[in-house]
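Topology and contacts: notes
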Amino acid sequence: MRFLFSLLFLSAFHAFAQSYQLLDEQNHEAIPFGKVIPSKENPRLTDIDGFFQLMDTAQSIQVRATGYHDTIVQLSLVQNGKIYLKSKAQNMQEVVVKPGVNPAERIMAQVIANRMKNHPFENDGFISKQYSKFTFDLDDASRKILEDTVVDLTDTNLYSMKQFFGRQHLFLIETASQHYFEPPYKEKEIVEAYKVSGFTDPMFSTFAQSMQSFHFYDNQVELLSEQFVNPIAFGGIKRYLFVLEDTTINGNDTTFTIFFRPRKGKDFEGLTGHLFINTNGFAIEKVIAKPYRKDTSGTFITIIQEYAFVDGKKWFPVKLSTEVLMVFAAINVSKGKTAFISGKGATYMENVQFNPDELEKVKFNNIAVQTKVGSEKVSEEKWDSLRPFQLTNKEINTYTSIDSISKEEHLDRYLKWAKVLSSGRIPLGYMNLDVTRLFAVNGFEKTRIGLGLENSDKVLPWLTASIYGAYGFGDKVWKYGGALDFHLDPSTKTNLKLFYSNDVVEVGGNVMYKIGVLYPQDPGRMLFVKNMSYQKKAGIQLSTIVRANKHLTFEANYQYNQMVNGYQFNHESTFTALMSSVVFSWAIREKGIILGDLFLPKASKFPKIQLKLEKAWNLPSVYITSLNFVRLQFNAFHTTTIPGNGRFTWNVRAAWTNVPTPLLYQQAVNSSYVPRSISIANTFETVGSMEFYHQQQVNVFLRYIWNAQRTKAKWNEPQFGIHYAFGYGTMSNQSAHNLAFNTMNKGFHEAGLLFNGLFVSGKSSVGFGVFTRFGAYANTGNWKSNVYPKLSFGYVF
């Protein structure tokens, strides 16, 4: 009976209630979270789109909103439910906090204490239905400029521009998905439908969700792939200034409006905006945030998140809005008038269920987001059931117009080319040019130029045939090779490759984790590798992905090696080997996104590990071979971000060969010293090439870089860092090698200081480092002989 009475009451309220919207008087933009004080009802806040409701009996209201004049409104004079507020002149003044207890800090202490209790991903699993929409158009100020510009009938470009932007958006994306979560960290989002104006490729299907974090409760908030320190993270009261601006009482609960920004003198990537804190659990009811520091790239983002107390149990995000102003994308409207492009989007969470039985049926794995096959072909009737509201005429026109342009201009083809380019290939019709083969520099070949070609998937989608050739100007020798790569299962990237190469290989080279096609783990290290061997190799390789974050590669090959520089092992300089190997790569807890046939890894808070096991077989009955050994290599690394402070990077490498072999199959240390050189992370900065070799070794590299210190000079953002490296290794039967080298059997130590960011351009920086070796392997000359200065190149964070 009580439920029926409540239902009848709510129905009656909506039947006799009037809906209003709060708008900016100048640009007619919605004003979110304005405070509405009716004469005979409880105060309330407008929603994220500026809407609120009142009973028909209400006669007047008082309206307050940050940045606007307080206004008393006679509702009988309101037309079409639109209420306009006049903005105040924005005079930026320093906030002064007087001595005493700051009431905002007391409230924020409660928010921080209850952070994990209110965290959407703590304690309870859930299933939610999600709908996202993102549009690109002129920003509001630019649209008004265009509307107010008088068109000269002879100016056909301006006339066409006004017609275009009055009729449609530049771009429109819609996505409908199901979001699943099970504590402590199992998460999956399945995109069931997506629609992109002009394109069918699923690359854009998660665009709106990628703009910002799903919630505001982690230590760091992500905006446009950049990390910012959360004001409600542990220690937030020391980092941020909080000011209580308003209090709204609604029934048994109270909502506090709190302004926040980084404290003066605190240098970190912070946010500024308003938190709306509800006393029910001291949870976030709403939040408006944007980066505190101005973006030099010409991109400005503002986010709004709105939460609801779902099922009387837990606060949960129900709407995430994003606006991105792209100043770099400027359009010349007329003389002296410029318009800018902005993107606006929102993600709505509906039908939230906590701990439903359906979660037991969900197959969780390391794929965090997956686009369902055929999700681009969903009918309009189905879309009508997925959308929380109907498309506007302007949005319908956008699909119609951009889809038509796409068919005429073959936009999907250009997008496909862009995807090929991201893999290190340049499309040339039925062929692809491998850009990774064009140019390289190393200590042995000096400058290396080459050419690599392969067939595109237009020819044979299930097979990639490739060839390459290269020439080294240092050794003056041609190299070449080729492969047939059979794509057995695209969903797991299972490939079978037959290959042959006549090339060079590093002597004692260590296993190296490859982060993407174009980005090795240690970029720049090969500049200092001087000891290589000529190798002819033919073999077969099988590779596959296991659970998205685990990769396996099996290989069998036969190789013929010709050592150089007069090197001999047991008086021989040529060696053959029948080899087999397995490489296991594991990005711990790393999740991935599958968009069609494209796999994108997400950032992980856990290390990456790689193991390689090799076996050389002495099988005279099959083929004449001279080597028989086992070799094991281990590599683990990770970078940890300390919010508001800096980044700590560590790398541990170990390797072992069971018997004495040529140096090719022993272990070289990662070294990067030559006179007038540059600093390379995860290397021994004071060790030269060919100085140390081992049969078994362990290397540890540690580096901490503090966040950049902002100065008044745009070209100067100093970043200070410290470096430490340790090495230990031994070698048995060292006399079998006719090359003079040392081992680190007494333990090698080096340390250094880095002064990065002395000269900055955009995100790139130039600085210098000073390194020294100490302990058993310190140079015996004066102190200057143990000082190694280097240039350092990097990026500012």
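Attention in this report is confined to the structure presented alongside it. For clarity, every value in this text was computed on a predicted model and none was experimentally measured. (Residues numbered from 1 in each chain as written. Predicted model: local features only at pLDDT ≥ 70, side-chain atom pairs only at ≥ 80, totals over all residues. Heavy atoms only, no water.)

Considerations on the overall build of the protein chain
A tally of helices and strands in the protein chain yields 9 helices and 46 strands. Each of the three principal axes of the protein chain carries a C-alpha extent, and together these read 105 × 65 × 65 Å. Sorting the 797 residues of the protein chain into buried and exposed places 47% on the buried side. Accessible surface, the protein chain as shown: approximately 40,300 Å² in total, 58% of it carbon and sulfur. (Helix = DSSP H or I, 4+ residues; strand = E, 2+ residues; numbered from the N terminus. Buried < 20%, exposed > 50% of the residue type's maximum accessible area, 1.4 Å probe, protein only. Areas by Shrake-Rupley, 256 points an atom, 1.4 Å probe, with all protein chains shown as cover.)

Things to note about the environment of Q709
With respect to the helices and strands, the residue Q709 is situated in the loop between β42 (696–706) and β43 (719–730). Distance in space between the C-alpha atoms of Q709 and W383 is 50 Å, their sequence separation being 326 residues. Not counting residues within four places of it along the chain, the set of residues in contact with Q709 comprises D267, N716, E717, P718 and F720. One polar contact links the side chain of Q709 to the main-chain carbonyl oxygen of N707, over a distance of 3.3 Å. (Contact = heavy atoms within 4.5 Å. Polar contact = N/O pair within 3.5 Å; in protein donor to acceptor, adjacent residues only side chain to side chain.)

Some details on helix α8 (residues 393–409)
Compared with an ideal rise of 1.5 Å per residue, which puts 17 residues at 24 Å, α8 spans 24 Å between its outermost C-alpha atoms and is within 8% of the ideal. The set of residues buried in α8 consists of K394, E395, T398, Y399, S401, I402 and S406. Immediately downstream of α8, the backbone of H410 shows phi near 60 degrees, a positive value. (Expected span 1.5 Å × (residues − 1).)

Some details on the packing of aromatic side chains
All chains considered together, the criterion is met by 44 aromatic pairs. For the ring pair F121 and F126, a centre distance of 5.8 Å and an interplane angle of 20 degrees mean the geometry is stacked. With a relative accessible area of 14%, F121 lands in the buried category. Its relative accessible area of 0% is what places F126 among the buried residues. Ring geometry for F134 versus F136: centroids 5.3 Å apart, planes at 55 degrees, classification tilted. For F134, a relative accessible area of 1% gives the class buried. Following the ring pairs from residue to residue traces out a cluster consisting of F121, F126, F181, F214, F316 and F354. A cation over an aromatic ring shows up here: R589 above the ring of Y185, its NZ or CZ 4.0 Å from the ring centre. Here K790 stacks its cationic end above the ring of F771, 6.0 Å away from the centre of that ring. (Phe/Tyr/Trp six-rings, centres within 6.5 Å; stacked < 30°, edge-to-face > 60°. Lys NZ or Arg CZ within 6 Å of the ring centre and 35° of its normal.)

Observations concerning the pairing of strand β40 (residues 684–688)
Looking along a regular strand, one sees the side chains alternate between the two faces of the sheet. Here β40 lies mainly inside the structure; 5 of its 5 residues are buried. Where strand β39 (residues 671–673) lies against β40, 2 bridges are found, and the strand directions are parallel. Counted as the bridge partner of Y673 is G688 from β40. (Pairing = 2+ DSSP bridges.)

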